[in-house]
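Chain and residue survey
Residue-level listing of the chains:
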Amino acid sequence: MTTSPSWRPFIMVSLALCMGTIGTALASPLYPIYQQLWGLLPSHITYIFVAYMFGCLATLLFLGRTSNSFGFLRTLQIGMGCIIAGLSLSVFASNALWLSFGRFIIGIASGLISTSAMLGLVYTIPESHKQNAPQLSSIITVIGFGLGPFIGGVIAQFSAQPLVTPYIPVIIGGFACLIGLFFIRSPSFQTQPFSVAPHLEVPEPQFRSQFFIAGLTAFCAFGSFSLFASLAPSFVKDAIPWHGPLVSGTAIASILLVSALVQFIAKSVNPSTCVNAGLIVLMISYVLLALCMTQHWSILFFISDVLVGVGHGLGLLGAFGLVHKMTNIQNRAAVISTYLFIGYLGTIIPIIAAGYLSDHFGLITGVLGFCIGVGMLCLILLLWQRSLKSN
C-alpha cells in the first residue's frame with residue numbers, strides 16, 4: 001500500500017523528531033564504560049550528563065524563537081546537522097571534556113529539533129488530523145527518548161567496540177533524515193526578526209502559586225528520570241545482581257515507556273489530582289530506591305523504576321494541564337518556556353549534588369541524598385497544593 005503524498009512531509013518530520021530524540025539519550029547506558037576506561041568519578045558522569053541539559057537550556061533561552069525567523073524546516077535541518085556533529089564528536093571523544101562538548105552540541109540540537117518539529121507536525125499533518133498533532137508530537141518524543149538508551153544498551157552489550165558501534169546507525173539515520181528534509185517544501189509563513197534575547201514570563205498574580213507548584217513538580221519529575229539516566233548505570237551493579245549496558249538501558253527506557261502509557265490513560269483526569277498523585281508516587285519510589293540501595297533487595301529496584309515512570313507521567317501531565325489552564329494564547333508560549341526552564345533545572349541541580357555526594361561519601365550516600373532532598377520537595381509541594389485548595 002503506497003503512502004498518500006499528503007502524509008509524506010508529516011512522516012519525514014516525525015522521523016527527524018524521533019531520530020533526534022534517539023540521539024539525545026543514546027549515551028546513558030554507556031556511562032559506566034566511559035567511567036571505567038577514563039577513570040572518572042561519579043560527579044564527572046553527572047557533569048557529562050548535565051552538559052547536554054545546559055545545551056537544551058541555552059537553546060530554550062536564546063534560540064527558542066528560531067523557527068519564527070527561519071521557518072521550522074530550516075531550523076529542523078540545522079538541528080539534525082547538530083545532532084550528527086554531536087554524535088560524531090562522541091564517537092571520537094578521547095576524554096570527558098570532548099564527550100561533554102559533544103553532549104552540549106547534542107543538547108542544542110535537541111532544543112532546536114523539539115521546538116521546530118512540534119511546529120512542523122502542526123503544519124504538515126493533513127487537515128483532518130490537525131487536532132491530534134500535539135498528542136502525536138508528545139508520543140513521538142517519548143518513543144525516541146525511550147528507544148535511545150535501549151538501542152544504545154543493546155548494541156553496546158554485544159559489541160566489541162561499545163563506545164563506537166552504538167552511535168553509527170543513529171548517525172547514518174540522522175544523515176538519511178537530513179537528506180529527506182531537503183525534499184519537502186516549507187509552507188509560507190510570516191517571518192519575525194531574529195533575536196536571541198531571552199523571553200520568559202510568569203502568569204497573572206492569582207496563578208503564581210499554582211504555576212510554581214507546576215514548575216517544581218516538573219523539576220522533581222525531570223530530576224527523577226535524570227537520576228536514573230545519569231547514575232543508574234553506575235549504581236545498578238550495587239543494587240541488582242545483573243548489570244551491563246542492556247540492563248541499565250532497559251531500566252532507563254522503561255521509565256519513559258511507563259510515563260507515556262500513564263499519560264495516555266490519565267489524559268482526562270483533573271490536573272490537580274494528577275499532580276498530587278504524581279508527587280505521592282514519586283515519594284514512594286524514593287523510599288523503595290533508598291531501601292534497595294541500603295538493603296540490596298533487587299526487586300525494589302524494578303518497582304522503584306516503574307513507580308518513577310508512573311510519577312513522571314502523572315506529574316508532567318498534571319503540571320502541563322495546570323499551565324495550560326492558567327495561560328491564554330498571548331502568553332502561553334512564554335509561560336511554557338519559563339515552566340520548562342524551571343523543570344530542566346531539575347536535571348542539573350539535584351544531579352550535580354548527587355554526583356558531588358557520591359564522590360565524597362560514596363554512591364549510596366549520593367543516591368540517598370537525592371531521595372531525601374527531592375522527596376522533601378515533593379512533600380512541600382503536596383502540602384502547598386492542599387493548602388491552596390483549603391483557602
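What this report covers is the structure whose coordinates are included nearby. Along each chain, residue indices are assigned from 1 in the same order as the chain's sequence is written. Where local features are concerned, this predicted model is filtered to residues with pLDDT of at least 70; where side-chain atom pairs are given and counted, the filter is 80 or more; whole-chain, interface and lining totals use all residues. Excluding hydrogens and water, the side-chain figures rest on all heavy atoms present in the structure.

1. Examining the overall build of the chain
Where we set the bar: Helix and strand assignments follow DSSP, with helices taken as H or I runs no shorter than four residues and strands as E runs no shorter than two, numbered in order from the N terminus. Note on method: radius of gyration uses C-alpha positions; expected globular size equals 2.2 Å times residues raised to 0.38. What makes two residues a contact is simply this: any of their non-hydrogen atoms within 4.5 Å. Note on areas: these come from Shrake-Rupley sampling with a 1.4 Å probe, and a residue is covered only by the protein chains present in the view. Under this rule, positive means Lys or Arg and negative means Asp or Glu; His and the chain ends count for nothing. Charge coordinates come from a single atom per side chain, which is NZ of Lys, CZ of Arg, CG of Asp or CD of Glu.
Check the secondary structure of the chain and you find 16 helices and zero strands. Computed over the C-alpha atoms, the radius of gyration of the chain is 20 Å, within 12% of the 21 Å expected from 2.2 N^0.38 for a compact globule of 391 residues. By its C-alpha atoms, the chain is 60 × 60 × 45 Å across when sized along the principal axes. A separation of at least 24 residues holds for 85% of the contacts in the chain among residues at least 6 apart in sequence. Entry remark: accessible area of the chain is about 16900 Å², with carbon and sulfur atoms responsible for 71%. Looking at charge distribution, the chain has the averaged site of its 13 positive side-chain charges lying 10 Å from that of its 6 negative ones.

2. Description of a nonpolar patch on the surface
To keep it simple, the criterion reads: Grouping into patches uses exposed residues only, defined as over 30% relative accessible area, and leaves out salt-bridged ones; the cut-off is 9 Å for like charges and 5 Å for nonpolar side chains (Val, Leu, Ile, Met, Phe, Trp, Tyr). One speaks of a salt bridge when a side-chain nitrogen belonging to Lys or Arg is within 4 Å of a carboxyl oxygen belonging to Asp or Glu.
Taken together, Val287, Leu291, Trp297, Ile299, Phe302 and Ile303 make up a surface patch of nonpolar side chains, about 550 Å² in accessible area. At three residues, the largest contribution of residues to the nonpolar patch is made by helix α13 (residues 298–325). Tracing the chain through its elements places Phe302 in helix α13.

3. Side note on the nonpolar core
Soluble, globular proteins show a tendency: their nonpolar side chains are buried together. Threshold: To define a nonpolar core, start from buried Ala, Val, Leu, Ile, Met, Phe, Trp, Tyr and Cys residues and group those joined through side-chain atoms within 4.5 Å. A 1.4 Å probe rolled over the protein chains alone gives each residue an accessible area, and that area as a share of the maximum for its type sets the label: buried under 20%, exposed over 50%, partly exposed in between.
Of all hydrophobic cores here, the largest spans 102 residues; its most connected members are Met80 and Tyr167. Counting residues per element, this core draws most heavily on helix α9 (residues 208–230), which supplies eleven residues. Here Met80 is in contact with Ala16, Met19, Ile113, Gly174, Cys177, Leu178 and Leu181, once residues within four sequence places are set aside. Counting residues in each nonpolar core, the second largest holds seven residues, with Val258, Cys274, Val281 and Leu314 among its members.

4. Overview of the environment of Leu317
Residue position: Leu317 is located in helix α13. A C-alpha to C-alpha distance of 30 Å links Leu317 and Val196, two positions 121 residues apart in sequence. Those residues in contact with Leu317 that sit more than four places away from it in its chain are Gln263, Ala266, Lys267 and Cys274.

5. Quick notes on the packing of aromatic side chains
Using the following cut-off: The aromatic pairing rule takes the rings of Phe, Tyr and Trp, using the six-membered ring of Trp, and pairs them if the centres are within 6.5 Å, calling planes under 30 degrees apart stacked, those over 60 edge-to-face and the rest tilted. Look at NZ for Lys and CZ for Arg. If either is within 6 Å of the ring centre and within 35 degrees of the ring normal, a charge sits over the ring.
All told, the structure shown has ten aromatic pairs when counted by the stated rule. Between Tyr286 and Phe370, the ring centres sit 5.9 Å apart and the planes meet at 90°, which makes this aromatic pair edge-to-face. A residue pair is termed long-range when its members are at least 10 positions apart, and Tyr286 in helix α12 (residues 271–295) and Phe370 in helix α16 (residues 363–390) qualify at 84 residues. Here Tyr286 and Phe370 have matching classes, each one buried. Ring centres of Phe301 and Phe302 lie 5.7 Å apart, and the angle between their planes is 85°; this geometry places the pair in the edge-to-face category. For Phe301, a relative accessible area of 1% gives the class buried. A relative accessible area of 35% means that Phe302 is categorised as partly exposed. Of the aromatic side chains, those joined through ring pairs into one cluster are Phe228, Phe301 and Phe302. Directly above the aromatic system of Phe264 lies the positively charged group of Lys267, at a separation of 4.0 Å from the ring centroid.

6. Regarding the packing of helix α1 (residues 8–25) against helix α5 (residues 72–92)
Let me state the cut-off plainly: Interaxial angles span 0 to 180 degrees and are taken between N-to-C directions of axes, which are lines fitted to C-alpha atoms, for helices over the stretch in contact. An angle below 35 degrees is treated as roughly parallel, one above 145 as roughly antiparallel, one from 65 to 115 as roughly perpendicular, and anything else as oblique. Handedness of each helix crossing follows the sense of rotation of the near helix against the far helix: counterclockwise by less than a right angle gives left-handed, clockwise gives right-handed.
Interhelical geometry of α1 versus α5 gives an angle of 30° and a closest axis separation of 10 Å. As judged from the angle between their axes, α1 and α5 are roughly parallel. As α1 packs across α5, the resulting crossing turns out to be left-handed. In this structure, α1 uses Val13, Ala16, Met19, Gly20, Gly23 and Thr24 to contact α5, whose residues at the interface are Phe72, Leu76, Met80, Ile83 and Leu87.

7. Some thoughts on the environment of Leu60
As for its position among the elements, Leu60 is in helix α3 (residues 42–62). When neighbours within four sequence positions are excluded, Leu60 is seen to be in contact with Ser337, Leu340, Phe341 and Tyr344.

8. A word on the state of the cysteines
How we decide: Note that a disulfide, as used here, is simply two cysteine sulfur atoms within 2.5 Å.
Enumeration over the complete set of coordinates arrives at zero disulfides. The structure places no disulfide on Cys177, whose sulfur is separated from the nearest cysteine sulfur, that of Cys18, by 8.4 Å. With no disulfide of its own, Cys220 lies closest to Cys378 among cysteine sulfurs, the gap being 3.7 Å.

9. Brief notes about α9
In plain terms, the rule: To estimate how far a helix should extend, the number of its residues minus one is multiplied by 1.5 Å.
Taking 1.5 Å of rise per residue, the 23 residues of α9 would be expected to cover 33 Å, and the 32 Å separating its terminal C-alpha atoms lies within 8% of that figure. Where burial is concerned, most of α9 is hidden: 18 out of the 23 residues are buried.

10. Concerning the side chain of Ser358
This is how the line gets drawn: A 3.5 Å cut-off defines polar contacts: any pair of N or O atoms within that distance qualifies, except that in protein one atom must be a possible hydrogen donor and the other a possible acceptor, and neighbouring residues in sequence count only when both atoms are side-chain atoms.
For Ser358, the position within the fold is in helix α15 (residues 349–361). Classification of Ser358 as buried rests on a relative accessible area of 5%. There is a polar contact of 2.8 Å between the side chain of Ser358 and the backbone oxygen of Ala354. Excluding anything up to four places from it in sequence, Ser358 contacts Pro42, Leu231, Leu363 and Gly366.

11. A few points about the environment of Leu322
Residue placement: Leu322 occurs in helix α13. Accessibility expressed as a relative area gives 5% for Leu322, which makes it buried. Spatially, the C-alpha atom of Leu322 lies 45 Å from that of Ser159, the residues being 163 residues apart in sequence. Excluding residues within four positions of it along the chain, Leu322 makes contact with Gln210, Ala214, Pro271, Ser272 and Val275.

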